[in-house]
Amino acid sequence: DGGITQSPKYLFRKEGQNVTLSCEQNLNHDAMYWYRQDPGQGLRLIYYSQIVNDFQKGDIAEGYSVSREKKESFPLTVTSAQKNPTAFYLCASRTGIDEQFFGPGTRLTVL
Amino acid sequence: KQEVTQIPAALSVPEGENLVLNCSFTDSAIYNLQWFRQDPGKGLTSLLLIQSSQREQTSGRLNASLDKSSGRSTLYIAASQPGDSATYLCAVDSSGSARQLTFGSGTQLTVLP
């Protein structure tokens, strides 16, 4: 089955801790995206990557970092600099101006 | 900067009704518009994609229209069912190198049995 997988489904972070969210796709898509969703709000773009070894900041990149070493993978690290990281994180991918497909999401909670 | 608005924020209808969800955007220079469905605690499922050159797209009981000049799109759901209960989001792909989507905040639909 082609699709996007995200892990873990639930993640808990202690104060001052960095955590990494995984995103893998086997759709052969060039572009990958990370969004953050807060209750009752739309999605806000954190980072995106259009090709391997290249990525750009979105609207709310502060406190986050990414890498794109492989076409299939686009991990997101939530650093201790992100002061309010509790949210639902969604990874997506697409090629050109085609449909954007989403993974099932990771819910991050700060303890 | 592109802004996308969805009204109403929540909607309840009895089963069997036809309904319309609205989406408006401020910059008409778009490549396409996409409608998504999101169930609680889940990711987004793509429903329909309308390219800027198209006026509408249909899939089963769903019909989405696009009027670029007025900055509006509607999602029409025919003969609603309780299984249609979810949050519906629209997203606009605006011109520019970023090729990112701008999302509305969604309409939460409840179809009552």
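Asks: How should the overall build of chain B be read in this particular structure?
Replies: Secondary structure summary: chain B contains 0 helices and 11 strands in total. Reading the secondary structure of chain B in the N-to-C direction produces β-β-β-β-β-β-β-β-β-β-β. In chain B, buried positions account for 45% of the 113 residues. Considering only contacts in chain B between residues 6 or more positions apart, those separated by 24 or more positions represent 55%. Taken as a whole, chain B presents about 5,200 Å² of accessible surface, with 48% of it coming from carbon and sulfur. Put simply, chain B has 8 plus and 9 minus side-chain charges, and the middle of one group is 5 Å from the middle of the other.

Asks: Looking at this model, I keep getting lost on the pattern of salt bridges. Mind explaining?
Replies: Applying the stated criterion to the full structure yields 6 salt bridges over all chains. Between A:Asp30 and A:Lys71 there is a salt bridge; the shortest N-O distance is 3.4 Å. Of the two residues, A:Asp30 sits in the loop between strand S3 (19–25) and strand S4 (31–37) while A:Lys71 sits in the loop between strand S7 (64–66) and strand S8 (76–78), which places them 41 residues apart along the sequence. Since its relative accessible area comes to 23%, A:Lys71 is described here as partly exposed. Here B:Arg61 and B:Asp84 are joined by a salt bridge, their closest N and O atoms 2.8 Å apart. Of this pair, B:Arg61 sits in the loop between strand S6 (56–59) and strand S7 (62–67) while B:Asp84 sits in the loop between strand S8 (72–77) and strand S9 (86–94); the two residues are 23 residues apart in sequence, bridging distant segments of the chain.

Reading the values: rules and limits
- Residues numbered from 1 in each chain as written.
- Chains lettered and ligands numbered in written order.
- Predicted model: local features only at pLDDT ≥ 70, side-chain atom pairs only at ≥ 80, totals over all residues.
- Heavy atoms only, no water.
- Helix = DSSP H or I, 4+ residues; strand = E, 2+ residues; numbered from the N terminus.
- Buried < 20%, exposed > 50% of the residue type's maximum accessible area, 1.4 Å probe, protein only.
- Contact = heavy atoms within 4.5 Å.
- Areas by Shrake-Rupley, 256 points an atom, 1.4 Å probe, with all protein chains shown as cover.
- Lys, Arg positive; Asp, Glu negative; His and termini not counted.
- Charge placed at Lys NZ, Arg CZ, Asp CG, Glu CD.
- Salt bridge = Lys/Arg side-chain N within 4 Å of Asp/Glu carboxyl O.

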